[in-house]
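Okay, here's what each chain looks like letter by letter:
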Amino acid sequence: MGHKIEFGNMMQKQMVKVLLAEDEPFLGKIVKENLESRGFEVLWVQDGVKAYSAFRTFDPNICILDVMMPAKDGFALTEDIRRINGQVPIIFLTAKSLTEDVVKGFELGGNDYLKKPFSMEELIVRINALLNRATQIETAAPELHPIGRYLFNDALQQLMLGDEVTRLSYRESALLKMLVEHKNRVLDRRVVLENLWGGDSFFHARSMDVFVTKLRKRLGKDEYIKIVNVRGIGYKLIVEEHM
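Keep in mind that this is a model prediction, so the values were computed, not measured. As a convention, each chain's residues are numbered from 1 in the sequence order in which they are written. In keeping with the predicted nature of the model, local features appear solely for residues at pLDDT of at least 70, side-chain atom pairs appear and are counted solely at 80 or more, and the whole-chain, interface and lining totals rest on all residues. Calculation of side-chain values draws on the structure's entire complement of heavy atoms; hydrogens and water are dropped beforehand.

S.K.: I'd like to hear about the overall build of the protein chain, residue by residue, with values.
M.R.: Going along the chain from the N terminus, every DSSP run of H or I of four or more residues is numbered as a helix, and every run of E of two or more is numbered as a strand. Tallying secondary structure elements over the protein chain gives 8 helices and 14 strands in all. Per-residue accessibility, obtained with a 1.4 Å probe over protein chains only, is compared with the maximum for each type, and a residue is labelled buried under 20%, exposed over 50%, and partly exposed between these values. For the protein chain, the residues scored as buried account for 48% of the 243 residues in total. Residues count as neighbours in contact if any of their non-hydrogen atoms are within 4.5 Å of one another. When contacts within the protein chain are restricted to residue pairs at least 6 apart in sequence, long-range pairs at least 24 apart make up 55% of them. Accessible surface area values rest on a Shrake-Rupley calculation with a 1.4 Å probe, where residue burial reflects the displayed protein chains alone. Split by element, the accessible area of the protein chain, about 12500 Å² in all, is 51% carbon and sulfur.

S.K.: Got a sec to walk through the side chain of His-145? Specific residues and values, please.
M.R.: Looking at where His-145 falls in the secondary structure, it is placed in strand S8 (residues 144-147). By relative accessible area, which is 10% here, His-145 ends up buried. Those residues in contact with His-145 that sit more than four places away from it in its chain are Tyr-150, Leu-151, Phe-152, Asp-154 and Val-180.

S.K.: So what's going on with the sheet that holds strand S9 (residues 150-153)? Which residues, and what values?
M.R.: Two strands qualify as a pair provided that DSSP identifies no fewer than 2 bridges between them. With antiparallel pairing, the 4 strands of this open sheet are ordered in space as S8-S9-S10-S11. Each of the sheet's edge strands pairs with one partner strand only, and the pair in question is S8 and strand S11 (164-167). Each adjacent strand pair in this sheet contributes to an overall mean axis angle of 25 degrees, direction not counted. Pairing between S8 and S9: 4 bridges, direction antiparallel. Bridge assignment links Pro-146 to a residue of S9, and that residue is Leu-151. With axes taken as lines fitted to C-alpha atoms, and helix axes fitted only over the stretch in contact, angles between N-to-C directions fall between 0 and 180 degrees.

Below, the structure is given as structure tokens:
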């Protein structure tokens, strides 16, 4: 009988379902067995095409995707998943360490990454952290934040301009909320990196810059809104009064 997985302040009545897409048989077997020994329900597949089919039928709580896989790689698989589900947490497993590869993964909708080789304890910590964040979003009371002509619903991860509704990713929404809470004040980049990325590494800093650029585009239909870079310190969301 599987153990219940506890995350946040809630005890799930059913086991947390993990979709593992990893083409290396030895690594896939090790990860699957270790997760199952901790009470997770794991579906392991060995290529991206099978992983996408499995995602639609298995309905996982979290995905662990190898970047380099046959048939469809982890990045392409993430694009497919994000077209139908913008919230399920995704962790990349990668042997790559190039900045552009890591940033690309975050930009496509990944939530975290682990560089091979990694420890199972580190993977468990990353999984629980993402599940905690997802639970907090699901249980939070909807709150509307006016941003110029926009309305931002942080709980539903929606940015609204009139009848136009834009769905934000978890990381976009969390970053925008921090900027809104510091509106017209400087938000320390180290605080953002520690809270949303789990550390202030070079890769994480580059990723955060990408997400700031994405938010600028999201808010681009109101010329009175700016997200400015305060060199060496952080970012400031400036919302000017309309004349």
